[in-house]
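Descriptive structure summary
Residues per chain, in single letters:
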Amino acid sequence: MKVRIGIGSLPLASGPGPGPELAELIEELETHGVDSLWLADTASAPTIDPIVGIAFAAGRTSSLKLGTGVLVLPGRNPALVAAQLASLAALAPRRILPAFGVRSVASAERDLFPAPDGARAALFNESLAVVRRLLTEDRVTHHGRFFHLDDASVAPLPPQPLDLWLGGRAPAGLQRIGRLADGWLGSVVTPAEAEDARSQIQQAAAEAGREIEEDHYGTNITVIPPGTTDAAAAAALARVARRRPDIDPALLVPHGWAAARDHVRRFVAVGLTKFVVRPAVPVVSWRGFLDRFTAELTGLETELST
């Protein structure tokens, strides 16, 4: 199993912001040989829309993989999402990594992704089915609860089916991943919770007569870089605590590169192999940040792969 470690933007905390900052990050990621870039779906934050950002990055790079981390699917037209992904896959073959979520992390943004009362999960499930069919079938006729398509298509179809990953950590979400998805990208979880989530996903997949590849389990890791002020570190931990008030945020957010290495190793020990590292604070210089990231973390890709 291959361990891979990419870079992501942290919703509502650190960019990459518009224009030159994103261009600098993309250039530095390619120069440093980083595996992947993951852009968050945060419409109200001063960050770049993930689909727009991925298209921008695809045109400026040749090897960098590009993921959505994660794209809120309910509230979007799944046929248009499928068309966007098909176009991206044509522009950057084998480099597009779509991951979807049920709702926005930011409560203030949830009205931007409307769903009928009590039906968000059902809407998500049907949307995902429509996206998958359109990305794998020449013509699609679908008449469901929310969407109706007659002989619909997107072109060009990806030469190889795109793996569709999902986020989430609630039991219902983990069951959904086992039944419908190709991989899991967790967030704000401990290694022990990730191990349990992986087990639940595998069981749900087996019950559905499916199998998820062994190396299709991963998580986001927010890292407080060395040199971060105490106030900025406290603010970062407070943001995480609002999402996980049930657990000490220091158990979820490693402080410094040595702690980040240990954190990755603990996740690998329980079966995770894909990681998105997100800086907990705004980055002043992406070149400087990535110099340390590659020196401190990318060696783990070789060390821990089996």
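Going by the structure above, here's the rest.
Residues numbered from 1 in each chain as written. Predicted model: local features only at pLDDT ≥ 70, side-chain atom pairs only at ≥ 80, totals over all residues. Heavy atoms only, no water.

Describing the pattern of salt bridges
Defined as follows: Salt bridges are counted wherever a side-chain nitrogen of Lys or Arg sits within 4 Å of a carboxyl oxygen of Asp or Glu. The numbering of helices and of strands both runs from the N terminus, where a helix is a DSSP run of H or I of at least 4 residues and a strand a run of E of at least 2. Exposure categories follow from relative accessible area, calculated using a 1.4 Å probe and restricted to protein chains: below 20% of the type maximum is buried, above 50% is exposed, and the middle band is partly exposed.
As enumerated under the stated definition, the model contains 15 salt bridges in all. With its nearest N and O atoms 3.0 Å apart, the salt bridge here joins arginine 287 to glutamate 28. Linking arginine 287 in helix H9 (residues 286-304) with glutamate 28 in helix H1 (residues 20-32), this pair joins segments that are 259 residues apart in sequence. Classification of glutamate 28 by relative accessible area gives buried; the value is 6%. Glutamate 137 serves as the salt-bridge partner of arginine 133, at 3.0 Å between the closest nitrogen and oxygen. By relative accessible area, which is 27% here, arginine 133 ends up partly exposed. Note on glutamate 137: relative accessible area 26%, which makes it partly exposed. Where salt bridges share partners, they join Arg132, Asp182 and Arg210 into one cluster.

Focus: the environment of leucine 290
The line we're drawing: When checking whether two residues touch, look at their non-hydrogen atoms; a contact exists if any pair is within 4.5 Å.
Position of leucine 290 relative to the elements: it lies in helix H9. Those residues in contact with leucine 290 that sit more than four places away from it in its chain are Ile7, Leu25, Glu28, Leu29, His32 and Val34.

What to know about the packing of aromatic side chains
Rules: Whether two aromatic rings pair depends on their centres lying within 6.5 Å, for rings of Phe, Tyr and Trp, where Trp uses its six-membered ring; planes under 30 degrees apart make the pair stacked, over 60 edge-to-face, and the rest tilted.
Tallied over the entire structure, the rule returns four aromatic pairs. When the centroid spacing of 6.5 Å and the interplanar angle of 70° are considered together, the rings of tryptophan 257 and phenylalanine 293 count as edge-to-face. Of this pair, tryptophan 257 sits in helix H8 (residues 257-269) while phenylalanine 293 sits in helix H9, placing them 36 residues apart in sequence. Residue classification places tryptophan 257 among the buried residues on the basis of a relative accessible area of 6%. With a relative accessible area of 0%, phenylalanine 293 lands in the buried category. When the centroid spacing of 5.7 Å and the interplanar angle of 85° are considered together, the rings of tryptophan 286 and phenylalanine 289 count as edge-to-face. On the criterion of helical spacing, the pair formed by tryptophan 286 and phenylalanine 289 is a turn pair, its members being three residues apart in helix H9. Taken as a pair, tryptophan 286 and phenylalanine 289 share a single burial class, namely buried. Grouping aromatic residues by their ring pairs yields a cluster made of Trp257, Trp286, Phe289 and Phe293.

Notes on the environment of alanine 115
By the secondary structure assignment, alanine 115 is in the loop between strand S6 (99-101) and helix H4 (120-136). Residues alanine 115 and histidine 148, 33 residues apart in the sequence, show an inter-C-alpha distance of 16 Å. Discounting chain neighbours no more than four positions away, the residues touching alanine 115 are Arg120 and Leu123.

Quick look at the sheet that holds strand S10 (residues 183-186)
Note on sheets: strands pair through backbone hydrogen bonds, and any given pair is parallel or antiparallel. Formally: At least two bridges found by DSSP between two strands are what make those strands a pair. For helices, the axis comes from a line fit to the C-alpha atoms of the stretch in contact; other axes are also lines fit to C-alpha atoms, and the angle between any two N-to-C directions lies between 0 and 180 degrees.
In spatial order, the strands read S4-S6-S9-S10-S11-S12-S1-S2-S3-S5; together these ten strands make up an open sheet with parallel pairing. Each having just a single partner strand, strand S4 (71-72) and strand S5 (96-97) make up the two edges of the open sheet. In this structure, strand S9 (residues 165-166) lies alongside S10, joined through two bridges in parallel fashion. In the sheet register, leucine 166 faces S10, and the bridge partner there is tryptophan 184. Packed onto the sheet, H4 meets S6 and S9 and runs at close to 160° relative to S6.

A few points about the nonpolar core
Rules: Put simply, buried Ala, Val, Leu, Ile, Met, Phe, Trp, Tyr and Cys residues joined by side-chain atoms within 4.5 Å make one nonpolar core.
Counting 73 residues, the largest nonpolar core has Phe100, Trp184 and Phe293 as the members making the most contacts within it. Val240, Ile247, Leu252 and Ala280 belong to the second-largest nonpolar core, a separate cluster that totals nine residues.

A short note on H8
The line we're drawing: Take the number of residues in a helix, subtract one, and multiply by 1.5 Å to get its expected span. In this description, the arc belongs to the directions extending from the helix axis to the C-beta atoms.
Between its first and last C-alpha, H8 extends 18 Å over 13 residues, near the 18 Å set by a 1.5 Å rise per residue. Of the residues making up H8, those classed as buried are Trp257, Ala260, His263, Val264, Phe267 and Val268. Down the axis, H8 shows its buried residues gathered within 135° of arc, on one side only. Two residues or fewer after H8 comes glycine 271, characterised by a positive phi angle close to 105°.

From the geometry alone we can't say anything about function, so treat these as descriptive.
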